[in-house]
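A look at the structure
Chain residues, written in single-letter form:
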Amino acid sequence: CKSVQWFLFNPVHKQNKQMDGGENIISLAEMFLVALSFAYFAKALSGSYMKSTITQLERRFDIPSYLIGVIDGSFEIGNLLVIAFVSYFGAKLHRPKIIAVGCVLMSIGTFIIALPHFIIGRYEFETSARRIVNSTLNVSPCAVGSSADLTQGCVQTISVVGPVFGYLLGSLCAKIYVDIGFVKMETITITPADARWVGAWWLGYLIAGVITLLSAIPFWFLPRSLPMSGPRGPEKCTPEQKSFMKHKYPADEHASFTEMAKDFFPTLRTLLGHPVYLTYLCVTIIQLNSLIGMVTYKPKYIEQHFRQSASKANFLMGVINIPAVALGMFSGGLLMKRLKLNIMGAARFAFGTSLIGYVLSLFFFAMSCENAKVAGVTLSYNRISYDKHPVFTACNSDCFCSASDWDPVCGENGITYVSPCLAGCTDSAGSGKNTVFSNCSCVGVAGNFTASTGQCPHKDDCDRMFPYFLALSVITSFIISLGGTPGYMLLIRCIKPQLKSLALGFHTLATRTLAGIPAPIYFGAIIDSTCLKWGQKRCGGIGACRIYNTTSYRIAYLGLTLSLRTISFIICIPGFILLSRQLKKEEENAINKALANGGTELEALRKEEFIISNSDQMSDNSTDRETRL
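All of these numbers come straight from a predicted model, not from anything done at the bench. (Residues numbered from 1 in each chain as written. Predicted model: local features only at pLDDT ≥ 70, side-chain atom pairs only at ≥ 80, totals over all residues. Heavy atoms only, no water.)

Quick look at the confidence of the model for the chain now. On average, residues of the chain score 78 in pLDDT, and 76% of them are at 70 or above. Below pLDDT 50 for its whole length, residues 1–25 participates in 69 contacts with residues either more than four positions away or in separate chains. Low pLDDT (under 50) marks residues 230–234, which in the prediction has four contacts with non-local residues, meaning those over four places away or in another chain. (pLDDT = per-residue confidence, 0-100. Contact = heavy atoms within 4.5 Å.)

Pasting the structure below:
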């Protein structure tokens, strides 16, 4: 998609159209920019919505985080097949129609993601509470004597604004129950704060698919390229435009597809032989591994570590974090223009902002919450915390309970139990969310042996820490994104104009292949290693994680993120050396060229002076002859 931006480099032609009431000036370039911005918005919305539904998909299909990472990374797999070739040939073919086809394919893919909801059964979760309202049947969780069942610029800015709406859409859909319209809501015994809650994840994909499909429409009506408004001489072009037009237009007009294909691999070899570009590529791949892994699981981190609902986590990402990134990118571009930074200045600016953000991110390690108090998981039934805790104890020994169930109840003692059965409850009253379990032998607080559905809150320490986490998250996001635009300009300026289209395309290909695909997978695998209680699939096997060790989660998640960024900083050192050598070499070449041009001009002046001198001498000789005559 990057290569199609070359459409804007063609000479701009404005068509004048007379209308009743005045003159309306329509610019094809502006139409293309609006259409491309909308396409970027649709793509960014779909991608961010995918990340906002991670926990919903884990719970709905009982899959671990690493497998969700495979699904998230598979979005990039399609790019592997075409992006390099589209970047190269897209600059020579009908760009708008290529974009339109891409938008249609993305729309179809988005609809397919939502398809499983309509072809599989309704969502069923483990619960001991009665689903039937006004039922007089009393349920006994502790079944004594029975067995239990086992279970750029404007375009770049718009592409940043897209995730805002993507996460907001995710927040809205997370509040809606997954089977809304198919079940009676009064029979649902869980709330959005419950670890078993699944929102209407499929609804957002349908909305995103429609938006992406609409974004394809304008491109079918745009021309192959912008026509010229008249003769445009080289004297009106910048040096970069002269070089670009010199290398681009002849290929567009005369070269055949076969000739272009033959030139592809030599051009790619030349590009990869550029040391500064190769170093920049390595740095951005490692930093994007850190960024993609962090962003993918940040809503999940907020949910699990600070015990917020999926809806609230997505809402905060959409209204706080993403706008800070957009503001940072815009401010970075403004500062670069105001300070008139050259290539080296842009590189130093990007490195400096990233380093400051890195230092501030170290404070996240200090923002911790205690593990939830869950009997048999994070602490023993006698309230002593140690590494391994049995879920079976004397108070529930008479009950035939399943150790694999996750149907948490909150005891009057402020401790969460894995299920009413494991809490030793023998009776229940009420229905749905208002179900109360009684005679719970494991609770035992001054004769009050009751428990209610759901986990105990235990949010006091997290509620105090969470605002500081949000404030630091906004500040670091803003500072790091300040270097986004200067870093992107460094990529553009360090490459010859005729290689820029391929350079941008190959950069996108490499980052998506080596960062977009693997990062969610190994981040998810490391997060899975911190799980304390796994759910069980109905057909057997490990399902989704129900509760994590928050301390281990924090260290693994933040540690991996910052370790990758540390490696990228180390690679930047030889990068600065190579960039300095390239700039010095270019400066020397420019001086030598200027001296060579100056020598040529001096020789021309000497010849001109010689001709004038001879002409004057001949004129004097002629005058003397005339005098003698």
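We now examine a nonpolar patch on the surface. On the surface, Phe-38, Val-101, Leu-105, Ile-108, Phe-111, Ile-112, Val-210, Leu-213, Leu-214, Ile-217, Trp-220 and Phe-221 cluster together into a nonpolar patch covering about 1100 Å² of accessible area. When contributions to the nonpolar patch are tallied by element, the ones reaching two or more residues are α5 (95–114) and α8 (201–216). A total of five residues in the nonpolar patch trace back to one element, the largest contributor, which is α5. (Patch = residues over 30% accessible without salt bridge, like charges linked within 9 Å, V, L, I, M, F, W, Y side chains within 5 Å. Areas by Shrake-Rupley, 256 points an atom, 1.4 Å probe, with all protein chains shown as cover. Salt bridge = Lys/Arg side-chain N within 4 Å of Asp/Glu carboxyl O. Helix = DSSP H or I, 4+ residues; strand = E, 2+ residues; numbered from the N terminus.)

Attention now moves to the nonpolar core. It is characteristic of soluble globular proteins that their nonpolar side chains tend to be buried jointly. One finds Trp-201, Phe-469 and Tyr-557 to be the most contacted residues of the largest nonpolar core, which totals 51 residues. If sequence neighbours within four positions are ignored, Tyr-557 has contacts with Gly-293, Met-294, Tyr-297, Lys-298, Tyr-301, Phe-523 and Ile-527. (Core = buried A, V, L, I, M, F, W, Y, C linked by side-chain atoms within 4.5 Å. Buried < 20%, exposed > 50% of the residue type's maximum accessible area, 1.4 Å probe, protein only.)

Among the structural elements, Leu-36 can be located in helix α1 (residues 28–52). Judged by its relative accessible area of 0%, Leu-36 falls in the buried class. In this structure the C-alpha to C-alpha distance between Leu-36 and Ile-99, which are 63 residues apart in sequence, comes to 8.5 Å.

Turning our eyes to something else, we now look at the environment of Ser-419. In this structure, Ser-419 sits in the loop between β5 (416–417) and β6 (427–429). Judged by its relative accessible area of 5%, Ser-419 is buried. Ignoring sequence-local partners within four residues, the contact set of Ser-419 consists of Asp-407 and Val-409. Polar side-chain contacts of Ser-419 include one of 3.2 Å to the backbone nitrogen of Leu-422. (Polar contact = N/O pair within 3.5 Å; in protein donor to acceptor, adjacent residues only side chain to side chain.)

Turning next to the pairing of strand β9 (residues 531–536). Sheet topology note: the β9/strand β10 (residues 542–548) ladder contains four bridges and is antiparallel. Residue pairing across strands places Trp-534 opposite Cys-545, the latter belonging to β10. The antiparallel pairing of β9 with β10 creates a hairpin that spans five residues between the two strands, and Gly-540 there sits at a positive phi of about 100°. (Pairing = 2+ DSSP bridges.)

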